[in-house]
Amino acid sequence: MVPAIALESSYLAKATLFYCPEESKASFKASSKGLERNVHMRPTPAITRAPRPRSSFKRKGLWGASILILLLIACVGVSVYVGWKLTHPVRDTLKDTPEAHGIHFEQVEFQSRTNDVTLKGWFLESESSPAKLNIIMAHGYRKNRLQADAEALKLSKTLVDQGYNVLMFDFRNSGESGGDVTSVGYLEKYDLLGAVDWMNANHPGTIALHGFSMGATTALIAAAEEPSIVGIVADSPFNHLTRYLKENLPVWSHLPNFPFTPLILGILPQLTGIDPDQVDGLSAVDRVYPRPILFIHSTDDHSVPYSNSETMWAKHPDRFELWKPSGADHVKSHAVHPKEYEEKVLQFYSRLEQHQPQQQ
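Along each chain, residues carry numbers from 1 onward, in the same order as the chain's sequence is written. Given that the model is predicted, a residue must reach a pLDDT of at least 70 before its local features are reported, and side-chain atom pairs must reach 80 or more before they are shown or counted; all residues, however, enter totals for whole chains, interfaces and linings. Computation of side-chain values: all heavy atoms of the structure, hydrogens and water removed.

1. What to know about the packing of aromatic side chains
The geometry of an aromatic ring pair is captured by two quantities: the separation of the ring centres and the angle between the planes. Each pair of aromatic rings taken from Phe, Tyr and Trp, with Trp reduced to its six-membered ring, is defined by centres within 6.5 Å and is described as stacked if the planes are under 30 degrees apart, edge-to-face if over 60, and tilted in the remaining cases. The full count for this structure, using the stated rule, is 12 aromatic pairs. The interplanar angle of 75° and the centroid separation of 5.2 Å between the aromatic rings of F169 and F171 together place this pair among those described as edge-to-face. We call a residue buried when its accessible area falls under 20% of the maximum for its residue type, exposed when it is over 50%, and partly exposed in between, using a 1.4 Å probe and counting protein chains only. For F169, a relative accessible area of 1% puts it in the buried group. A relative accessible area of 1% places F171 in the buried class. Between the aromatic rings of F238 and Y244, the centroid separation amounts to 5.6 Å while the plane-to-plane angle is 20°, which identifies the pairing as stacked. Y244 shares its class with F238; the two are buried. Through a chain of ring-to-ring contacts, the aromatic side chains of F110, F123, F169, F171 and W198 assemble into a single cluster.

Dropping the structure here:
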C-alpha cells in the first residue's frame, strides 16, 4: 500500500509533464521514477493494535476466588452445625416403665466416674436371692435406658425372672441424666464405670455388661480398664469410632461424604474436646481378653456393618463368641429373634456365674 504523500508526488509529476516543455518532461519523468522506486523499496510499517486491558481477567479471577472462599465458608459452617447437632442430639424421653411389665424396681442415681454428671436409672432386683449375677445395660446413641428398638425392658424382665439383677441407666445427655454432650463413647465410658462403682457399693457381686451399639463399644473400652467386669454381651458394636465415621458418617449426618466427613472429623475435636481415636474397641478387646465376650451382630445391619464385630471376634476366637442372625436391622436382633436371642444370652451369663473378678 503506497502512502498518500507518495501518490500526491506522482500526480504532481504527471501534471508538470503535461504543461512543461519537453526538457522539463524528461527531467520530471526521471525524478518521478526515482521517487516511486524509493517508495516501493521502503518497508511498509507494521500495523499493531493496542493491547487489551487485563483488568477484566483479574476481575474474573477475583470473582472465582471469592466464590470458592464463600463455598468453603459455607461447607465449614454446615460442618460445624452438623457436628454440634451430632454431639447434642435431642433427648429421647422415657415412654415405658418396669412397673408396666410387673417388675419390681428402684429409682437410682449416681455420679459418673468423672464426678461432673449425675446419672439416673432403674435397679431391677432379681426374683431370687442372692442374685446369680449383676448385669449393667448400656444403651446406644440417641437412645435412653429403654433401648426400645431392642426391646431391652422385655429382655431385662427375662433376666430378672432367671435370677439376675439388672441396672438400666441413661448415659449423659440422655433420658433423665444430666450433662449436655453426647460423645459416642469417649465420655460415656466414665458413665458406665460410674455404674460399676454404684453396683459394687450397693450390690456387691460379679458384674457383667450388656451393651447395644454405642453402648456395646463403650462396654468394651470400659471393661478394658475395669477388672471387676467378668464378661460382656456386645450387641452391634462399631470397632473404632474414627474409622467407622470415615466410612459411615453420612448415615447419621445425611450429608455427602466429601467434603463434609473430613471437615466434621477435623472440627469435632476442636469443637467438643472429644478424641474419636480413643473410642477404640479393636484394641480394647486385647485388654479384655481372656475374659469372654459374646458378639451379636445381624448380617442385615444397615447402620453398623457386621464386619465390625467380626474383626474384634477374630482376634481371640478361643474366648470370644460371635452370633450373626439375619433379617434384623441395627440392634433389632432381640426384637426379631427374641427366643433365640434370650437363649444365647442366658447360656453366656450362666457360664459367668462362677467367674471371679480379676485382681487389680
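2. Describing a nonpolar patch on the surface
Each patch is built from residues that are more than 30% exposed by relative accessible area and take part in no salt bridge. Like charges join if they lie within 9 Å; nonpolar side chains (Val, Leu, Ile, Met, Phe, Trp, Tyr) join within 5 Å. Residue burial considers only the protein chains on display, and all accessible areas are found by Shrake-Rupley using a 1.4 Å probe. A carboxyl oxygen of Asp or Glu within 4 Å of a side-chain nitrogen of Lys or Arg is what we treat as a salt bridge. Side chains of L72, V76, V80, W84 and L271 sit close together on the surface and give an oily, nonpolar patch of about 390 Å² of accessible area. By residue number, the principal contributor to the nonpolar patch is helix α3 (residues 55-87), which donates 4 residues. By definition, any uninterrupted DSSP run of H or I lasting at least four residues is a helix, any uninterrupted run of E lasting at least two residues is a strand, and each is numbered from the N terminus.

3. A look at the sheet that holds strand β6 (residues 229-235)
What the 8 strands build is an open sheet, ordered β1-β2-β4-β3-β5-β6-β7-β8; its pairing is mixed. Each end of this open sheet is capped by a strand with a single partner; those strands are β1 (105-111) and β8 (320-323). Between one strand axis and the next, the sheet turns by 20° as a mean value, whatever way the strands run. In this sheet, β6 lies alongside strand β5 (residues 207-212) in parallel orientation, the contact comprising 6 bridges. Considered in β6, the bridge of G211 is made with A234. It only takes one pair of heavy atoms within 4.5 Å for two residues to be counted as in contact. Every axis in this analysis is a line fitted to C-alpha atoms, fitted for helices over the stretch in contact. Angles between the N-to-C directions lie between 0 and 180 degrees. Across the face of the sheet, helix α4 (residues 152-161) comes into contact with β2 (118-124), β3 (133-138), β4 (164-169) and β5 while running at roughly 155° to β4. We call two strands paired when DSSP finds no fewer than two bridges between them.

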